[in-house]
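Each chain, written out:
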Amino acid sequence: MIDFSNLTIKKTKELYQSGELSARELVSHYQDEIKKKNPELNIYRETFDNAFEDAEKIDLKIKHGDTPRALEGIPFAIKDNILIKGKPAGASSKILEGYTASYDSTVIKKMREEGAIFLGRTNMDEFAMGSSTENSAYGVTKNPHDTTRVPGGSSGGSAAAVAADLALASLGSDTGGSIRQPAAFCGVVGLKPTYGSVSRSGLIAMASSLDQIGPLTPTVEDAEIIFDVIKGKDELDSTNLETEFPSGNSVSSAVCTIGVPKEYFSLSEGGMGGLDSDTAKKIMEAIDFLKSKNFEIKEVSLPSVKYALSAYYIIMPAEASSNLARFDGMRYGPREDGKNLFEVYTKTRENGFGLEPRRRIILGAYVLSAGYYDAYYGRAQKVRQLIRGDFENEFNNVDLILTPTTPHPAFKIGEKANDPLSMYLEDVYTVPVNLAGVPAISVPFGSVSREGKNLPVGVQLIAPWFKENRLFEVGKILEGLKS
Ligand code: GLN
(Lines give C-alpha, C1' and ligand atoms only; values in the text may rest on other atoms or scores of the structure.)
Protein backbone atom coordinates (compact mmCIF):
# COMPACT_ATOMS: atom_id res chain seq x y z
CA MET A 1 0.00 0.00 0.00
CA ILE A 2 1.29 3.42 -0.92
CA ASP A 3 1.14 6.04 1.79
CA PHE A 4 -0.06 8.98 -0.27
CA SER A 5 0.33 11.44 2.56
CA ASN A 6 4.07 10.81 2.70
CA LEU A 7 4.96 11.33 -0.95
CA THR A 8 7.80 13.55 -2.09
CA ILE A 9 8.84 14.39 -5.65
CA LYS A 10 11.73 11.94 -5.51
CA LYS A 11 9.68 9.12 -4.00
CA THR A 12 6.86 9.63 -6.52
CA LYS A 13 9.25 9.48 -9.45
CA GLU A 14 10.78 6.28 -8.06
CA LEU A 15 7.33 4.71 -7.72
CA TYR A 16 6.54 5.70 -11.31
CA GLN A 17 9.77 4.15 -12.55
CA SER A 18 9.22 0.89 -10.68
CA GLY A 19 5.65 0.74 -11.98
CA GLU A 20 4.16 0.70 -8.46
CA LEU A 21 2.27 3.91 -9.13
CA SER A 22 1.03 5.71 -12.24
CA ALA A 23 0.41 9.41 -12.74
CA ARG A 24 -3.25 8.59 -13.44
CA GLU A 25 -3.57 6.84 -10.09
CA LEU A 26 -1.99 9.73 -8.29
CA VAL A 27 -4.14 12.35 -10.04
CA SER A 28 -7.26 10.28 -9.31
CA HIS A 29 -6.23 10.02 -5.68
CA TYR A 30 -5.98 13.81 -5.39
CA GLN A 31 -9.21 14.35 -7.32
CA ASP A 32 -11.05 11.96 -4.96
CA GLU A 33 -9.58 13.65 -1.90
CA ILE A 34 -10.50 17.08 -3.26
CA LYS A 35 -14.10 15.93 -3.77
CA LYS A 36 -14.18 14.71 -0.19
CA LYS A 37 -12.42 17.55 1.60
CA ASN A 38 -12.83 20.67 -0.51
CA PRO A 39 -16.46 21.41 0.35
CA GLU A 40 -15.41 21.96 3.94
CA LEU A 41 -11.88 23.33 3.55
CA ASN A 42 -12.46 25.57 0.47
CA ILE A 43 -8.89 25.16 -0.72
CA TYR A 44 -9.46 24.95 -4.48
CA ARG A 45 -11.49 27.51 -6.38
CA GLU A 46 -11.59 25.16 -9.32
CA THR A 47 -10.07 21.87 -10.45
CA PHE A 48 -8.95 21.25 -14.04
CA ASP A 49 -10.57 18.38 -15.96
CA ASN A 50 -7.60 17.90 -18.25
CA ALA A 51 -5.27 16.88 -15.37
CA PHE A 52 -6.21 13.23 -15.91
CA GLU A 53 -5.49 13.38 -19.67
CA ASP A 54 -2.14 15.02 -18.95
CA ALA A 55 -1.39 12.18 -16.55
CA GLU A 56 -2.25 9.60 -19.23
CA LYS A 57 0.25 11.19 -21.60
CA ILE A 58 2.93 11.14 -18.92
CA ASP A 59 2.24 7.49 -18.13
CA LEU A 60 2.79 6.66 -21.80
CA LYS A 61 6.12 8.47 -21.77
CA ILE A 62 7.17 6.61 -18.63
CA LYS A 63 6.10 3.29 -20.12
CA HIS A 64 8.04 4.13 -23.25
CA GLY A 65 11.17 4.49 -21.11
CA ASP A 66 11.77 8.20 -21.75
CA THR A 67 14.24 9.77 -19.31
CA PRO A 68 12.10 11.28 -16.54
CA ARG A 69 12.15 15.08 -16.41
CA ALA A 70 12.54 17.06 -13.18
CA LEU A 71 8.79 17.20 -12.38
CA GLU A 72 7.58 14.23 -14.42
CA GLY A 73 3.98 13.52 -13.42
CA ILE A 74 4.05 15.66 -10.25
CA PRO A 75 0.57 17.08 -9.51
CA PHE A 76 0.52 20.74 -8.45
CA ALA A 77 -1.98 23.22 -7.04
CA ILE A 78 -1.52 26.76 -8.40
CA LYS A 79 -2.41 30.03 -6.67
CA ASP A 80 -5.21 31.89 -8.43
CA ASN A 81 -2.91 34.78 -9.41
CA ILE A 82 -0.54 32.73 -11.62
CA LEU A 83 -1.68 32.47 -15.24
CA ILE A 84 -2.23 29.13 -16.94
CA LYS A 85 -3.13 29.43 -20.61
CA GLY A 86 -6.81 28.71 -21.30
CA LYS A 87 -7.75 28.58 -17.59
CA PRO A 88 -9.62 31.18 -15.58
CA ALA A 89 -7.45 33.24 -13.22
CA GLY A 90 -8.94 35.73 -10.83
CA ALA A 91 -6.70 36.53 -7.83
CA SER A 92 -9.86 35.61 -5.86
CA SER A 93 -11.44 38.94 -6.87
CA LYS A 94 -14.87 39.57 -8.33
CA ILE A 95 -13.35 42.14 -10.66
CA LEU A 96 -11.69 39.33 -12.63
CA GLU A 97 -14.74 37.08 -12.78
CA GLY A 98 -14.87 35.33 -16.16
CA TYR A 99 -11.29 36.24 -17.15
CA THR A 100 -9.36 33.47 -18.88
CA ALA A 101 -5.58 33.60 -19.22
CA SER A 102 -4.38 33.95 -22.80
CA TYR A 103 -0.82 32.83 -22.05
CA ASP A 104 1.20 30.73 -19.63
CA SER A 105 3.18 32.53 -16.96
CA THR A 106 6.89 31.78 -17.30
CA VAL A 107 6.92 29.55 -14.20
CA ILE A 108 4.04 27.45 -15.56
CA LYS A 109 5.74 27.16 -18.94
CA LYS A 110 8.96 25.97 -17.30
CA MET A 111 7.15 23.49 -15.07
CA ARG A 112 5.07 22.15 -17.94
CA GLU A 113 8.25 21.55 -19.95
CA GLU A 114 9.52 19.49 -17.00
CA GLY A 115 6.40 17.31 -16.88
CA ALA A 116 4.32 18.97 -14.13
CA ILE A 117 0.56 18.37 -13.96
CA PHE A 118 -1.78 21.15 -12.80
CA LEU A 119 -4.69 19.98 -10.66
CA GLY A 120 -6.43 23.32 -10.17
CA ARG A 121 -6.26 26.86 -8.83
CA THR A 122 -6.29 27.70 -5.15
CA ASN A 123 -8.09 30.24 -3.02
CA MET A 124 -6.21 33.31 -1.78
CA ASP A 125 -6.71 36.73 -0.25
CA GLU A 126 -8.02 39.06 -2.94
CA PHE A 127 -5.08 40.32 -5.01
CA ALA A 128 -2.76 38.69 -2.44
CA MET A 129 -3.71 41.30 0.16
CA GLY A 130 -4.02 39.61 3.51
CA SER A 131 -2.68 37.05 5.95
CA SER A 132 -5.63 34.70 6.40
CA THR A 133 -7.49 34.14 3.06
CA GLU A 134 -10.45 35.83 4.77
CA ASN A 135 -10.16 38.60 2.16
CA SER A 136 -11.04 36.22 -0.70
CA ALA A 137 -14.27 37.12 -2.50
CA TYR A 138 -15.00 33.38 -2.47
CA GLY A 139 -14.99 32.53 1.24
CA VAL A 140 -12.28 31.66 3.73
CA THR A 141 -10.05 28.59 3.44
CA LYS A 142 -9.84 26.52 6.60
CA ASN A 143 -6.66 25.30 8.24
CA PRO A 144 -6.49 21.49 7.88
CA HIS A 145 -4.94 21.21 11.38
CA ASP A 146 -7.90 22.96 13.00
CA THR A 147 -10.84 24.00 10.86
CA THR A 148 -11.80 26.81 13.23
CA ARG A 149 -8.53 28.52 12.31
CA VAL A 150 -7.16 30.33 9.26
CA PRO A 151 -4.51 28.72 7.04
CA GLY A 152 -2.63 32.04 6.80
CA GLY A 153 -2.39 34.03 3.63
CA SER A 154 -2.37 35.21 1.10
CA SER A 155 -1.34 31.83 -0.36
CA GLY A 156 -3.59 30.05 2.15
CA GLY A 157 -5.16 27.72 -0.40
CA SER A 158 -1.76 26.67 -1.74
CA ALA A 159 -0.39 25.92 1.74
CA ALA A 160 -3.52 24.08 2.87
CA ALA A 161 -3.55 22.01 -0.36
CA VAL A 162 -0.17 20.51 0.52
CA ALA A 163 -1.03 20.11 4.22
CA ALA A 164 -4.39 18.41 3.52
CA ASP A 165 -2.90 16.03 0.92
CA LEU A 166 -4.84 17.65 -1.92
CA ALA A 167 -1.70 18.16 -4.07
CA LEU A 168 1.88 17.03 -3.83
CA ALA A 169 3.16 20.60 -3.99
CA SER A 170 1.96 24.05 -4.96
CA LEU A 171 2.98 27.51 -6.10
CA GLY A 172 2.30 30.70 -4.21
CA SER A 173 3.45 34.30 -4.33
CA ASP A 174 5.11 36.30 -1.58
CA THR A 175 5.08 40.10 -1.36
CA GLY A 176 5.39 40.48 2.40
CA GLY A 177 5.20 36.91 3.67
CA SER A 178 2.43 35.26 1.68
CA ILE A 179 4.31 32.02 1.06
CA ARG A 180 6.17 31.70 4.37
CA GLN A 181 3.39 32.66 6.79
CA PRO A 182 0.77 30.19 5.45
CA ALA A 183 3.52 27.55 5.17
CA ALA A 184 4.22 28.05 8.89
CA PHE A 185 0.52 27.95 9.83
CA CYS A 186 -0.08 24.78 7.79
CA GLY A 187 3.13 22.90 8.67
CA VAL A 188 4.67 22.82 5.19
CA VAL A 189 7.85 24.22 3.64
CA GLY A 190 7.57 27.60 1.87
CA LEU A 191 10.32 29.34 -0.11
CA LYS A 192 10.45 33.04 -1.03
CA PRO A 193 13.29 33.21 -3.56
CA THR A 194 15.69 36.16 -4.03
CA TYR A 195 13.95 39.08 -5.73
CA GLY A 196 14.80 38.79 -9.42
CA SER A 197 15.57 35.07 -9.42
CA VAL A 198 12.14 33.82 -10.57
CA SER A 199 10.27 35.50 -13.42
CA ARG A 200 7.13 37.46 -12.50
CA SER A 201 5.79 37.28 -16.06
CA GLY A 202 2.23 36.00 -15.82
CA LEU A 203 1.83 36.75 -12.11
CA ILE A 204 -1.08 39.12 -11.44
CA ALA A 205 0.96 41.93 -9.90
CA MET A 206 0.43 43.24 -6.40
CA ALA A 207 3.58 45.26 -5.58
CA SER A 208 6.09 44.74 -8.36
CA SER A 209 9.29 45.53 -6.45
CA LEU A 210 8.40 42.97 -3.77
CA ASP A 211 6.48 40.12 -5.47
CA GLN A 212 8.14 36.75 -6.02
CA ILE A 213 6.69 33.37 -6.93
CA GLY A 214 7.85 30.34 -4.96
CA PRO A 215 7.01 26.75 -4.02
CA LEU A 216 5.12 25.28 -1.03
CA THR A 217 6.11 21.69 -0.45
CA PRO A 218 6.19 18.77 1.99
CA THR A 219 10.01 18.84 2.21
CA VAL A 220 12.96 21.18 1.72
CA GLU A 221 14.33 18.94 -1.02
CA ASP A 222 11.08 19.34 -2.97
CA ALA A 223 11.33 23.13 -2.69
CA GLU A 224 14.86 22.92 -4.04
CA ILE A 225 13.80 20.76 -7.01
CA ILE A 226 11.00 23.17 -7.95
CA PHE A 227 13.19 26.24 -7.46
CA ASP A 228 15.76 24.74 -9.82
CA VAL A 229 13.05 24.46 -12.47
CA ILE A 230 11.46 27.91 -12.11
CA LYS A 231 14.53 30.11 -11.45
CA GLY A 232 16.59 31.86 -14.09
CA LYS A 233 16.69 34.67 -16.59
CA ASP A 234 13.52 35.54 -18.48
CA GLU A 235 13.32 38.28 -21.07
CA LEU A 236 9.66 38.85 -20.22
CA ASP A 237 10.55 40.21 -16.77
CA SER A 238 12.97 43.13 -16.85
CA THR A 239 13.68 42.84 -13.12
CA ASN A 240 14.77 39.26 -13.57
CA LEU A 241 18.51 38.99 -13.04
CA GLU A 242 21.01 36.83 -14.77
CA THR A 243 23.05 35.23 -12.04
CA GLU A 244 25.14 32.24 -11.50
CA PHE A 245 23.49 30.34 -8.69
CA PRO A 246 25.97 28.54 -6.51
CA SER A 247 25.21 24.87 -6.80
CA GLY A 248 25.84 22.12 -4.32
CA ASN A 249 26.51 22.76 -0.68
CA SER A 250 28.68 25.79 -0.21
CA VAL A 251 28.24 25.69 3.54
CA SER A 252 29.03 22.79 5.73
CA SER A 253 28.20 22.58 9.38
CA ALA A 254 31.88 22.99 10.27
CA VAL A 255 32.05 26.52 8.91
CA CYS A 256 28.51 27.76 9.12
CA THR A 257 27.59 30.59 11.41
CA ILE A 258 23.94 31.37 12.02
CA GLY A 259 22.83 34.76 13.24
CA VAL A 260 19.84 35.31 15.51
CA PRO A 261 18.65 38.92 15.39
CA LYS A 262 17.94 40.20 18.87
CA GLU A 263 15.17 42.52 17.64
CA TYR A 264 12.97 39.54 16.78
CA PHE A 265 12.95 38.33 20.35
CA SER A 266 12.89 41.53 22.29
CA LEU A 267 9.76 43.05 23.70
CA SER A 268 11.55 46.16 24.91
CA GLU A 269 12.40 49.38 23.10
CA GLY A 270 13.95 48.61 19.71
CA GLY A 271 12.36 45.16 19.55
CA MET A 272 9.59 43.94 17.30
CA GLY A 273 7.63 42.37 20.13
CA GLY A 274 4.63 40.14 20.19
CA LEU A 275 6.36 36.74 20.14
CA ASP A 276 4.18 34.13 21.79
CA SER A 277 6.05 32.23 24.53
CA ASP A 278 5.27 28.69 23.23
CA THR A 279 6.45 29.68 19.76
CA ALA A 280 9.59 31.26 21.24
CA LYS A 281 10.29 27.99 23.06
CA LYS A 282 10.14 26.03 19.80
CA ILE A 283 12.47 28.49 18.10
CA MET A 284 14.93 28.13 20.98
CA GLU A 285 14.74 24.36 20.55
CA ALA A 286 15.59 24.76 16.87
CA ILE A 287 18.56 26.94 17.80
CA ASP A 288 19.77 24.38 20.37
CA PHE A 289 19.37 21.61 17.85
CA LEU A 290 21.52 23.47 15.31
CA LYS A 291 24.10 24.13 18.02
CA SER A 292 24.22 20.40 18.69
CA LYS A 293 24.94 19.97 14.97
CA ASN A 294 27.99 22.21 15.44
CA PHE A 295 26.66 25.38 13.91
CA GLU A 296 27.98 28.49 15.56
CA ILE A 297 25.10 30.64 16.77
CA LYS A 298 25.74 34.39 17.08
CA GLU A 299 23.50 37.20 18.18
CA VAL A 300 23.16 39.78 15.42
CA SER A 301 21.37 43.09 15.16
CA LEU A 302 19.13 44.47 12.43
CA PRO A 303 18.35 47.85 13.98
CA SER A 304 16.13 49.14 11.17
CA VAL A 305 13.81 46.15 10.83
CA LYS A 306 11.48 47.64 13.43
CA TYR A 307 10.50 50.17 10.75
CA ALA A 308 9.91 47.49 8.11
CA LEU A 309 6.14 47.23 8.49
CA SER A 310 5.70 51.01 8.35
CA ALA A 311 7.79 51.26 5.18
CA TYR A 312 6.04 48.25 3.64
CA TYR A 313 2.58 49.70 4.22
CA ILE A 314 3.65 52.78 2.21
CA ILE A 315 5.59 51.12 -0.61
CA MET A 316 3.22 48.18 -1.14
CA PRO A 317 -0.04 50.20 -1.46
CA ALA A 318 1.73 52.75 -3.69
CA GLU A 319 2.73 50.00 -6.12
CA ALA A 320 -0.53 48.09 -5.73
CA SER A 321 -2.65 51.15 -6.47
CA SER A 322 -0.69 51.65 -9.70
CA ASN A 323 -0.92 47.97 -10.68
CA LEU A 324 -4.64 47.77 -9.94
CA ALA A 325 -5.41 50.83 -12.10
CA ARG A 326 -5.70 48.49 -15.09
CA PHE A 327 -8.85 46.85 -13.71
CA ASP A 328 -11.47 49.24 -15.00
CA GLY A 329 -13.85 46.95 -16.87
CA MET A 330 -12.32 47.63 -20.26
CA ARG A 331 -10.04 44.66 -20.78
CA TYR A 332 -10.71 42.22 -17.98
CA GLY A 333 -13.72 40.98 -16.08
CA PRO A 334 -17.29 42.26 -15.88
CA ARG A 335 -18.16 45.82 -16.88
CA GLU A 336 -20.93 47.83 -15.23
CA ASP A 337 -23.18 50.15 -17.23
CA GLY A 338 -22.95 53.90 -16.76
CA LYS A 339 -24.00 57.19 -18.30
CA ASN A 340 -20.42 58.05 -19.24
CA LEU A 341 -16.96 56.53 -19.14
CA PHE A 342 -16.21 57.84 -15.65
CA GLU A 343 -19.34 56.23 -14.27
CA VAL A 344 -18.49 52.94 -15.99
CA TYR A 345 -15.06 52.99 -14.34
CA THR A 346 -16.29 53.92 -10.89
CA LYS A 347 -19.21 51.49 -10.82
CA THR A 348 -17.07 48.65 -12.15
CA ARG A 349 -14.36 49.25 -9.59
CA GLU A 350 -16.80 49.80 -6.75
CA ASN A 351 -18.57 46.54 -7.39
CA GLY A 352 -15.49 44.57 -8.36
CA PHE A 353 -13.01 45.31 -5.58
CA GLY A 354 -13.45 44.10 -2.02
CA LEU A 355 -12.73 46.18 1.06
CA GLU A 356 -9.01 45.47 1.43
CA PRO A 357 -7.95 46.30 -2.17
CA ARG A 358 -10.05 49.48 -1.92
CA ARG A 359 -8.35 50.45 1.31
CA ARG A 360 -4.92 49.97 -0.26
CA ILE A 361 -5.79 51.75 -3.52
CA ILE A 362 -6.87 54.81 -1.54
CA LEU A 363 -3.79 54.67 0.68
CA GLY A 364 -1.50 54.16 -2.33
CA ALA A 365 -3.01 56.99 -4.34
CA TYR A 366 -2.64 59.25 -1.31
CA VAL A 367 1.03 58.52 -0.62
CA LEU A 368 1.88 59.04 -4.28
CA SER A 369 -0.04 62.29 -4.64
CA ALA A 370 1.72 65.58 -5.43
CA GLY A 371 3.16 67.16 -2.33
CA TYR A 372 3.15 63.92 -0.31
CA TYR A 373 5.30 61.74 -2.53
CA ASP A 374 8.62 62.70 -0.93
CA ALA A 375 7.27 62.75 2.59
CA TYR A 376 5.84 59.23 2.39
CA TYR A 377 7.01 57.19 -0.57
CA GLY A 378 10.46 58.81 -0.76
CA ARG A 379 11.09 58.31 2.95
CA ALA A 380 9.85 54.73 2.91
CA GLN A 381 12.31 53.99 0.11
CA LYS A 382 15.11 55.39 2.27
CA VAL A 383 14.06 53.14 5.15
CA ARG A 384 14.08 50.25 2.73
CA GLN A 385 17.73 51.03 1.92
CA LEU A 386 18.57 51.03 5.63
CA ILE A 387 16.98 47.60 6.06
CA ARG A 388 18.84 46.28 3.06
CA GLY A 389 22.02 47.70 4.59
CA ASP A 390 21.34 45.94 7.91
CA PHE A 391 21.21 42.57 6.16
CA GLU A 392 24.27 43.36 4.05
CA ASN A 393 26.15 44.26 7.17
CA GLU A 394 25.31 41.15 9.17
CA PHE A 395 25.90 38.82 6.24
CA ASN A 396 29.55 39.84 6.55
CA ASN A 397 29.49 38.18 9.96
CA VAL A 398 27.16 35.21 9.52
CA ASP A 399 26.18 32.82 6.71
CA LEU A 400 22.49 32.63 7.55
CA ILE A 401 19.95 34.33 9.79
CA LEU A 402 17.33 32.44 11.79
CA THR A 403 14.05 33.89 13.13
CA PRO A 404 10.52 32.73 13.86
CA THR A 405 8.35 32.90 10.70
CA THR A 406 5.32 34.19 12.61
CA PRO A 407 4.77 35.62 16.11
CA HIS A 408 2.27 32.87 17.00
CA PRO A 409 0.52 29.81 15.53
CA ALA A 410 -2.61 30.01 13.31
CA PHE A 411 -5.30 32.29 14.72
CA LYS A 412 -9.05 31.80 14.72
CA ILE A 413 -11.25 32.58 11.73
CA GLY A 414 -12.80 35.97 12.42
CA GLU A 415 -10.33 36.87 15.19
CA LYS A 416 -8.61 39.66 13.23
CA ALA A 417 -10.88 40.07 10.21
CA ASN A 418 -12.25 43.42 11.34
CA ASP A 419 -9.00 44.83 12.60
CA PRO A 420 -6.69 45.59 9.64
CA LEU A 421 -3.87 46.82 11.87
CA SER A 422 -3.61 43.61 13.87
CA MET A 423 -3.76 41.69 10.57
CA TYR A 424 -0.88 43.81 9.21
CA LEU A 425 1.17 42.96 12.31
CA GLU A 426 1.08 39.31 11.26
CA ASP A 427 3.81 40.09 8.73
CA VAL A 428 6.24 41.62 11.19
CA TYR A 429 8.87 38.86 10.79
CA THR A 430 8.53 38.24 7.07
CA VAL A 431 8.26 41.73 5.52
CA PRO A 432 11.92 42.81 6.14
CA VAL A 433 13.01 39.98 3.82
CA ASN A 434 10.91 41.29 0.91
CA LEU A 435 12.12 44.85 1.42
CA ALA A 436 15.74 43.66 1.33
CA GLY A 437 15.08 41.26 -1.58
CA VAL A 438 16.91 38.38 0.13
CA PRO A 439 15.70 34.75 -0.03
CA ALA A 440 14.04 33.02 2.93
CA ILE A 441 12.42 29.69 3.68
CA SER A 442 9.97 28.62 6.36
CA VAL A 443 10.62 25.12 7.64
CA PRO A 444 8.11 23.37 9.95
CA PHE A 445 9.55 22.72 13.40
CA GLY A 446 7.12 20.85 15.59
CA SER A 447 3.94 22.27 17.01
CA VAL A 448 2.34 23.98 19.98
CA SER A 449 -0.89 22.91 21.57
CA ARG A 450 -4.02 25.07 21.51
CA GLU A 451 -7.42 23.82 22.71
CA GLY A 452 -6.32 20.23 22.27
CA LYS A 453 -5.07 20.72 18.72
CA ASN A 454 -1.44 20.65 17.59
CA LEU A 455 -0.66 23.76 15.57
CA PRO A 456 2.53 23.86 13.49
CA VAL A 457 5.38 26.31 14.10
CA GLY A 458 7.69 27.56 11.35
CA VAL A 459 11.36 28.52 11.56
CA GLN A 460 12.46 31.16 9.08
CA LEU A 461 15.95 30.93 7.58
CA ILE A 462 17.21 33.97 5.67
CA ALA A 463 20.22 33.88 3.32
CA PRO A 464 22.18 36.51 1.37
CA TRP A 465 21.02 37.34 -2.16
CA PHE A 466 21.08 34.31 -4.51
CA LYS A 467 22.34 31.95 -1.78
CA GLU A 468 19.22 29.78 -1.72
CA ASN A 469 21.54 26.78 -1.52
CA ARG A 470 22.32 27.71 2.11
CA LEU A 471 18.60 27.66 2.96
CA PHE A 472 18.28 24.18 1.51
CA GLU A 473 21.38 22.89 3.28
CA VAL A 474 20.37 24.00 6.76
CA GLY A 475 16.63 23.55 6.11
CA LYS A 476 17.23 19.86 5.45
CA ILE A 477 19.13 19.47 8.72
CA LEU A 478 16.38 21.27 10.61
CA GLU A 479 13.58 19.13 9.22
CA GLY A 480 15.64 16.07 10.16
CA LEU A 481 14.44 16.62 13.71
CA LYS A 482 10.71 16.16 13.57
CA SER A 483 9.90 17.42 17.02
N1 GLN B 1 0.00 39.82 4.35
C2 GLN B 1 0.76 40.78 3.63
C3 GLN B 1 -0.14 41.82 3.04
O4 GLN B 1 -1.28 41.77 3.29
C5 GLN B 1 1.60 40.11 2.58
C6 GLN B 1 0.86 39.72 1.39
C7 GLN B 1 1.70 39.03 0.39
O8 GLN B 1 2.83 38.63 0.65
N9 GLN B 1 1.14 38.90 -0.80
O10 GLN B 1 0.30 42.68 2.34
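Residues numbered from 1 in each chain as written. Predicted model: local features only at pLDDT ≥ 70, side-chain atom pairs only at ≥ 80, totals over all residues. Heavy atoms only, no water.

### Describing the site of the ligand
Then comes step 1: Near the ligand there are 15 residues, and of these T175, G176, S178, Y312 and R360 occur at the shortest range.
Then comes step 2: A distance of 2.6 Å separates an oxygen atom of the ligand from a polar side-chain atom of Y312.
Then comes step 3: In this structure, R360 approaches the ligand through a side-chain N or O atom, which is 2.8 Å from an oxygen atom.
Then comes step 4: Relative to its unbound accessible area of 290 Å², the ligand is 100% covered by the protein chains. (Near = heavy atom within 4 Å. Polar contact = N/O pair within 3.5 Å; in protein donor to acceptor, adjacent residues only side chain to side chain. Areas by Shrake-Rupley, 256 points an atom, 1.4 Å probe, with all protein chains shown as cover.)

### What to know about the side chain of D125
Then comes step 1: The topology assignment puts D125 in the loop between β3 (117-122) and α5 (156-163).
Then comes step 2: There is no salt bridge for the buried D125, and the closest opposite charge comes from K79, which lies 7.4 Å off by N-O distance.
Then comes step 3: Excluding residues that lie within four positions of it along the chain, D125 makes contacts with A91, G130, S131, S132, T133, E134, N135, S136, G153 and S154. (Helix = DSSP H or I, 4+ residues; strand = E, 2+ residues; numbered from the N terminus. Buried < 20%, exposed > 50% of the residue type's maximum accessible area, 1.4 Å probe, protein only. Lys, Arg positive; Asp, Glu negative; His and termini not counted. Salt bridge = Lys/Arg side-chain N within 4 Å of Asp/Glu carboxyl O. Contact = heavy atoms within 4.5 Å.)

### Notes on the sheet that holds strand β7 (residues 257-261)
Then comes step 1: Taken in spatial order, the 11 strands make up an open sheet running β1-β3-β2-β4-β6-β5-β10-β11-β9-β7-β8, and their pairing is mixed. The open sheet has two edge strands, β1 (44-47) and β8 (296-300), and neither has a second partner. Direction aside, the axes of adjacent strands within the sheet are offset by 30° on average.
Then comes step 2: With nine bridges joining them, strand β10 (residues 440-450) and strand β11 (residues 453-462) adopt antiparallel strand pairing. Following the sheet pairing, S449 is matched in β11 by N454. (Pairing = 2+ DSSP bridges. Axes fitted to C-alpha atoms, helices over the stretch in contact; angles between N-to-C directions.)

### What about the side chain of H29?
Then comes step 1: Looking at the element boundaries, H29 is found in helix α2 (residues 23-41).
Then comes step 2: The class for H29 is buried, based on a relative accessible area of 12%.
Then comes step 3: Leaving out residues up to four positions away in the same chain, H29 has contacts with F4 and D165.

### Comments concerning helix α12 (residues 374-394)
Then comes step 1: An ideal rise of 1.5 Å per residue puts 30 Å on 21 residues; α12 measures up with 29 Å between its terminal C-alpha atoms.
Then comes step 2: For α12, the full list of buried residues reads Y377, G378, A380, R384, I387, D390, F391 and E394.
Then comes step 3: Tucked inside the fold, the buried residues of α12 contact β8, α9 (308-323), α11 (355-367), β9 (400-404), α14 (431-436) and β11. (Expected span 1.5 Å × (residues − 1).)

### Quick word on unusual backbone geometry
Excluding glycine, most residues fall at negative phi; most peptide bonds, likewise, are trans.
Then comes step 1: For the peptide bond that leads from G153 to S154, omega is 5°, which places it in the cis range.
Then comes step 2: You will see that N42, though not glycine, has its phi angle at about 55°, which is positive.
Then comes step 3: Position of N42 relative to the elements: it lies in the loop between α2 and β1.
Then comes step 4: We note that F466 has phi near 65°; this positive angle belongs to a residue other than glycine.
Then comes step 5: By secondary structure assignment, the location of F466 is in the loop between β11 and α15 (468-480).
Then comes step 6: On the accessibility criterion, F466 (12% relative accessible area) is buried.

### Overview of the packing of aromatic side chains
Then comes step 1: The full count for this structure, using the stated rule, is 14 aromatic pairs.
Then comes step 2: Between F127 and F327, the ring centres sit 5.2 Å apart and the planes meet at 45°, which makes this aromatic pair tilted. On the criterion of sequence distance, the pair formed by F127 in the loop between β3 and α5 and F327 in the loop between α9 and α10 (341-352) is long-range, its members being 200 residues apart. The pair F127 / F327 is uniform in exposure class, with both members buried.
Then comes step 3: Centre to centre, the rings of F327 and Y332 are 5.5 Å apart; their planes meet at 55°, and the pair counts as tilted.
Then comes step 4: You can call F327 buried: its relative accessible area is 6%.
Then comes step 5: With relative accessibility at 22%, the residue Y332 sits in the partly exposed group. (Phe/Tyr/Trp six-rings, centres within 6.5 Å; stacked < 30°, edge-to-face > 60°.)

### Points about the confidence of the model for the protein chain
Then comes step 1: Averaged over every residue, the pLDDT of the protein chain is 94; the share at 70 or more is 96%.
Then comes step 2: With pLDDT under 50 throughout, residues 249-255 is counted as low confidence; its partners more than four residues away or in other chains account for 12 contacts. (pLDDT = per-residue confidence, 0-100.)

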